[in-house]
Amino acid sequence: MEVKPPDIIAGLTRQLSVNCSFTRTDITNMVKLFSLVITQSNDTENLNFYYQASVDELDGLNNVTGNVSGHLDNRHESYIAMKWDTPRSSLTGWYSCEANGESLNGQVVKITKTVKVQISNPTIEDLLDNQSSLIELQSSQISKLQQDLDQIGSSVIENCICCERFNESLKSLYRISALHNGSRYYLSPSSKILLVKEAEAQCELMGGYLTEMDSEQEYLFVKSFVKNTTGYDFIFIGGNDEVSENAWVNTYSKTPVKYIKWGPQQPDQGRAANCLSL
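Residues numbered from 1 in each chain as written. Predicted model: local features only at pLDDT ≥ 70, side-chain atom pairs only at ≥ 80, totals over all residues. Heavy atoms only, no water.

- Named according to an unreviewed UniProt entry, the protein is C-type lectin domain-containing protein originating from Lymnaea stagnalis.

### Focus: the pairing of strand β13 (residues 236-240)
Within a regular strand, side chains alternate between the sheet's two faces.
In step 1: Counting buried residues in β13 gives five out of five residues, a clear majority hidden from the surface.
In step 2: Residues of β13 alternate between two faces, with F236, G238 and N240 on one and I237 and G239 on the opposite face, all of them buried.
In step 3: With three bridges connecting them, β13 and strand β15 (residues 275-277) associate as antiparallel partners. Within β15, the residue paired with F236 across the bridge is S277.
In step 4: Where β13 meets strand β14 (residues 249-250), two bridges bridge the pair, whose relative direction is antiparallel. Bridging across to β14, N240 finds its partner in V249. (Buried < 20%, exposed > 50% of the residue type's maximum accessible area, 1.4 Å probe, protein only. Helix = DSSP H or I, 4+ residues; strand = E, 2+ residues; numbered from the N terminus. Pairing = 2+ DSSP bridges.)

### Here we look at the nonpolar core
In step 1: Grouped together as the largest cluster of nonpolar side chains are 22 residues, with contacts concentrated most on L16, L36, I80, W84 and Y95.
In step 2: Breaking this core down by element, the ones donating at least two residues are β3 (15-23), β4 (32-41), β5 (50-56), β8 (77-85), β9 (93-102) and β10 (108-120).
In step 3: Here this core takes four residues from β3, the largest share from any one element.
In step 4: If we skip the residues at most four places from it in the chain, Y95 touches M1, L16, V18, I38, T39, Q40, F49, W84, K113, T114, V115 and V117.
In step 5: Core analysis: the second largest hydrophobic core is formed by 14 residues, L187, F225, V257 and L276 among them. (Core = buried A, V, L, I, M, F, W, Y, C linked by side-chain atoms within 4.5 Å. Contact = heavy atoms within 4.5 Å.)

### Section: helix α3 (residues 216-227)
In step 1: Between its first and last C-alpha atoms α3 spans 16 Å; for twelve residues at 1.5 Å apiece the expected length is 16 Å, and the two agree.
In step 2: Of all the positions in α3, only E218, Y219, V222, F225 and V226 are classed as buried. End-on view of α3: buried residues confined to an arc of 130°, all on one side of the axis.
In step 3: The elements touched by buried residues of α3 are β11 (175-176) and β12 (186-187). (Expected span 1.5 Å × (residues − 1). Arc of directions from axis to C-beta.)

### Observations regarding the sheet that holds β13
In step 1: Reading across from one edge, β14-β13-β15 is the order of the three strands in this open sheet, with antiparallel pairing throughout. Strands with a single pairing partner mark the edges of an open sheet, and in this sheet they are β14 and β15.

### A few points about the pattern of salt bridges
In step 1: Here the structure, examined in full by the defined rule, presents four salt bridges.
In step 2: Here E2 makes a salt bridge to K4, at a shortest N to O gap of 3.9 Å.
In step 3: Taking relative accessible area as the criterion, E2 reaches 40% and is therefore assigned partly exposed.
In step 4: Residue classification places K4 among the partly exposed positions, given a relative accessible area of 49%.
In step 5: The residue K32 makes a salt bridge to E57 at a minimum N-O spacing of 2.9 Å. Within this pair, whereas K32 is found in strand β4, its partner E57 is found in the loop between β5 and β6 (60-63), the two being separated by 25 residues in sequence. (Salt bridge = Lys/Arg side-chain N within 4 Å of Asp/Glu carboxyl O.)

Rendered as structure tokens:
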């Protein structure tokens, strides 16, 4: 039976563990082990032991306090162990481990071992040692945090590089507007998009959507951008009246179109035309 540490320093000891292990070679006259039981007595003079934990063939593990683990194995090692974090004075005293089994001739065999746990107030040296340990732990945590931050920083830099490369690729594929009310507008190569569904798919592929005109200001900005970019006779914008004739709805947001600047004699094709272009 083993206890770590045997001497608790009040307020400083982080964990107390009691371990009881047993193998068949430990006791020659026991051929079968039925149970291991840990009991405790707080009274060091009158040893009145109280049940703490056990492991047996029928009920498995049971305990009153602490974290318990263990198992029985009559071929190899059997054990039961208990742990407490930040142990208090109530955990001091005597601990007993009782192994209950059967001998070769069928008689009950009981083996008991005991260990003692004491508590003491911390000395100046204990406090200084604990302070040093805390400083060392804090330094280790700071070092780990710095490593994590460095790794995050590297990832951010890599992502930024990827973003820059992606933006450069976009510039080679699209005409990109200046920023307008927090948004940018992208014009795809004019000769490649001939159908509105193709335009919608292209926008979705890039994480966007066909422009939805919300105001005359936005209309004038987009119109100027397209006019100053050569090679475009028209562009698709995000509105349709597929559900109900002349009830124009934004394709992406599913909201009514707020602003339409119709050209001369438009709209002119009735049910044959259900999209908006500029």
